Amino acid sequence: MLLKRVEQLEARIHELEDELRRARAAVNVEIDLSDLEGAAEQATEDTEEVWRRVRRDPTKPEPIRSLYRIYAARGDVDRQWCTAQALVLLQAANPDQKACFEKYRSHTLVAPRASVTPDGWYEHLIHPEQELLTGHIFGVIAPAVLLGRVSALRRDGKLHRPAPQTKQDPTRATITAVRAIPWGAAILGLAPPPIFVEKERDTGYELIPAVPPITVVGKRVLSGVGQLEHAFLVGRHLSWYRQEHFVRELFSAVPDLEDLFLAALIIGNPGLPVAEDMRRRVTPIAKAIEPVLEPPQVDALRAYFLRFVEEGGRTNLQRWSAATEKTACRVGLVLSNDLLTAARRLESEEGPLGELTKDLLAFVTSERYFSLREALGVSLNQN
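The structure presented is a predicted model; accordingly, all values stated were derived computationally and were not measured. (Residues numbered from 1 in each chain as written. Predicted model: local features only at pLDDT ≥ 70, side-chain atom pairs only at ≥ 80, totals over all residues. Heavy atoms only, no water.)

With respect to the overall build of the protein chain
Secondary structure assignment for the protein chain yields 18 helices and 3 strands. Relative to the 2.2 N^0.38 estimate, which gives 21 Å for 383 residues, the radius of gyration of the protein chain is 30 Å and therefore markedly larger than a compact globule would have. Structurally, the protein chain occupies a C-alpha span of about 125 × 50 × 40 Å along its principal axes. Buried residues in the protein chain amount to 46% of all 383 residues. Pairs at least 24 apart in sequence give 70% of the contacts found in the protein chain among residues at least 6 apart. A total of about 20,200 Å² of accessible surface is found on the protein chain, and carbon and sulfur atoms cover 52% of it. Measuring between centres, the 49 positive side-chain charges of the protein chain sit 6 Å from its 53 negative side-chain charges. (Helix = DSSP H or I, 4+ residues; strand = E, 2+ residues; numbered from the N terminus. Rg over C-alpha atoms; globule rule 2.2 N^0.38 Å. Buried < 20%, exposed > 50% of the residue type's maximum accessible area, 1.4 Å probe, protein only. Contact = heavy atoms within 4.5 Å. Areas by Shrake-Rupley, 256 points an atom, 1.4 Å probe, with all protein chains shown as cover. Lys, Arg positive; Asp, Glu negative; His and termini not counted. Charge placed at Lys NZ, Arg CZ, Asp CG, Glu CD.)

Structural data, given as structure tokens:
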């Protein structure tokens, strides 16, 4: 009876196996590659052409959305997140874009694996409208201009001298605003300046003319400021210690910059043809600067003068000055690693979506910014 029962069960198993094979053969399998085809088209789209539309008007979200879709199709998480930041700032992000932004947003300080190299400043950070040759010329005369500025302030009794006891040792400092300065300088490849804290001074991070120049930290950043805000403010502040930017910090008025620039050109070529009234105004400045310069610096001005003439002999110092401010904000964004923090700090100066914030929107979605993140080792694709 048991053997017979086994035979029956085995026969039933064979029947079920046959039914299973027939059922599998009858399954209707549908293959839909339409989404894959669309994703492939997006992945191969020209991002440079799309980004040009962003640059023309950074406040329009549609080109930024297009960039986000392209990077999503490519599986490029870092570029996705950077473009998601811009969409969130413009209040144009959909739920997926908001989720991407929140998932990878960090509220702690960035930890780069490398610092910005000298070439990296020119390749990734300096604004395209900041003519490099103009900056090089200002950079040559910057030490002499600083000496003149300090002498004039001392003569007029306006030279600020912080109390010696307010000087800070960054290696022992416990104040966040102080510790942020050497941290930022190391990332930017700059030497940290001497730091003084004046708790009653109504300022934030202030560059004070001295030999060498110093940073005074005032009460505006000693409390109520978050880590990312410190990072933005420090990056923006330290950018003025770059030699090609330093004169712009000492003399922000365009007419003053024009006089200094012409004085540098006259040192490079004393026979420079200029209007007589302009020569009377600028020659004393040149005579004050030239004795302070070393022979290699005078030679550099001669070489830069020749280049200046070869390249057309024209510059727009109003545009150059505005571009240095945009560069400074870009530096702050790199250190803070947070577009919303940067925009919030700038809103108090220029209102919502001012020119500096618009430039950051274009920068944060650009290949220059992505490449810099990779060079620093902070790209999400690397981590």
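Some details on the side chain of His127
Structurally, the position occupied by His127 is in the loop between helix H7 (118–125) and helix H8 (132–155). Residue His127 is classed as buried on the basis of its relative accessible area of 7%. Of note is the side chain of His127, whose polar atom sits 3.0 Å from the side chain of Asp359. With near-sequence residues (within four places) excluded, His127 lies in contact with Ala323, Lys326, Thr327, Arg330, Asp359 and Arg368. (Polar contact = N/O pair within 3.5 Å; in protein donor to acceptor, adjacent residues only side chain to side chain.)

A word on the pattern of salt bridges
Counting across every chain of the model gives 24 salt bridges. With a shortest N-O distance of 3.8 Å, Asp169 and Arg172 are connected by a salt bridge. The class for Asp169 is partly exposed, based on a relative accessible area of 35%. Salt-bridge contacts for Arg281 lead to Asp259; the nearest nitrogen and oxygen are separated by 2.9 Å. In this pair, Arg281 is assigned in helix H13 (residues 276–289) and Asp259 in helix H12 (residues 254–268), connecting sequence segments 22 residues apart. (Salt bridge = Lys/Arg side-chain N within 4 Å of Asp/Glu carboxyl O.)

Here's the deal with the pairing of strand S3 (residues 214–217)
Residues of S3 alternate between two faces, with Ile214 and Val216 on one and Thr215 and Val217 on the opposite face, all of them buried. Pairing between strand S2 (residues 205–208) and S3: 4 bridges, direction antiparallel. Bridging across to S3, Glu206 finds its partner in Val216. In this antiparallel pair of consecutive strands, S2 and S3, the connection spans 5 residues. (Pairing = 2+ DSSP bridges.)

Some points on the sheet that holds strand S1 (residues 195–197)
Taken in spatial order, the 3 strands of this open sheet run S1-S3-S2, and their pairing is mixed. At either margin of the open sheet sits one strand with a lone partner, and together these are S1 and S2. Ignoring which end each strand starts from, the neighbouring axes of this sheet average 30° apart. (Axes fitted to C-alpha atoms, helices over the stretch in contact; angles between N-to-C directions.)

Observations concerning the packing of helix H15 (residues 317–336) against helix H18 (residues 367–376)
Between H15 and H18, the least distance of the axes is 12 Å, while the angle of their chain directions is 45°. One way to sum up the angle between H15 and H18 is to call them oblique. H15 and H18 meet at a crossing whose hand is right-handed. Contact residues: H15 offers Arg330, Leu333 and Val334, while H18 offers Arg368, Tyr369, Leu372 and Leu376. Partitioned by chemical class, the residues of the contact of H15 with H18 number 5 nonpolar, no polar and 2 charged. (Parallel < 35°, antiparallel > 145°, perpendicular 65-115°, else oblique. Left-handed = near helix turned anticlockwise from the far one by under 90°. Nonpolar A, V, L, I, M, F, W, Y, C, P; charged D, E, K, R; others polar.)

Comments concerning the nonpolar core
Grouped together as the largest cluster of nonpolar side chains are 105 residues, with contacts concentrated most on Phe138 and Tyr205. It is H8 that provides the largest number of residues to this core, a total of 11 residues. For Phe138, the residues in contact, after removing those within four places along its chain, are Gln243, Glu244, Val247, Leu257, Leu260, Phe261, Leu317 and Trp320. Listed in part, the 5 residues of the second largest apolar core include Phe196, Ile208, Ala210 and Val216. (Core = buried A, V, L, I, M, F, W, Y, C linked by side-chain atoms within 4.5 Å.)

What to know about the environment of Leu147
Relative to the helices and strands, Leu147 resides in helix H8. Expressed as a C-alpha distance, the spacing of Leu147 and Val211, which sit 64 residues apart in the sequence, is 7.4 Å. Residue contacts for Leu147: discarding those within four places in its chain leaves Val211 and Val292.

So, a positive patch on the surface
On the surface, Arg53, Arg55, Arg56 and Lys60 cluster together into a positively charged patch. Within the secondary structure, Arg55 is located in helix H3 (residues 47–56). (Patch = residues over 30% accessible without salt bridge, like charges linked within 9 Å, V, L, I, M, F, W, Y side chains within 5 Å.)

Considering the confidence of the model for the protein chain
In this model, the protein chain carries an average pLDDT of 92, and 94% of its residues clear a pLDDT of 70 or more. Below a pLDDT of 50 lies the segment residues 28–41, which in the model reaches 1 contact outside its immediate sequence neighbourhood of four places, other chains included. (pLDDT = per-residue confidence, 0-100.)

Let's talk about helix H11 (residues 243–250)
Most of H11 sits out of view: 6 of its 8 residues are buried. Glu244, His245, Phe246, Val247, Arg248 and Leu250 are the residues of H11 that are buried. Buried positions along H11 lie against H7, H8, S2, H12 and H15.

Quick notes on the packing of aromatic side chains
As enumerated under the stated definition, the model contains 5 aromatic pairs in all. Taken together, a centroid distance of 5.0 Å and an interplanar angle of 40° make the contact between Phe138 and Trp320 tilted. Here Phe138 is found in helix H8, whereas its partner Trp320 is found in helix H15, with 182 residues between them in sequence. Three or more aromatic residues joined by ring pairs make a cluster, and in this case those are Phe138, Phe261, Phe308 and Trp320. (Phe/Tyr/Trp six-rings, centres within 6.5 Å; stacked < 30°, edge-to-face > 60°.)

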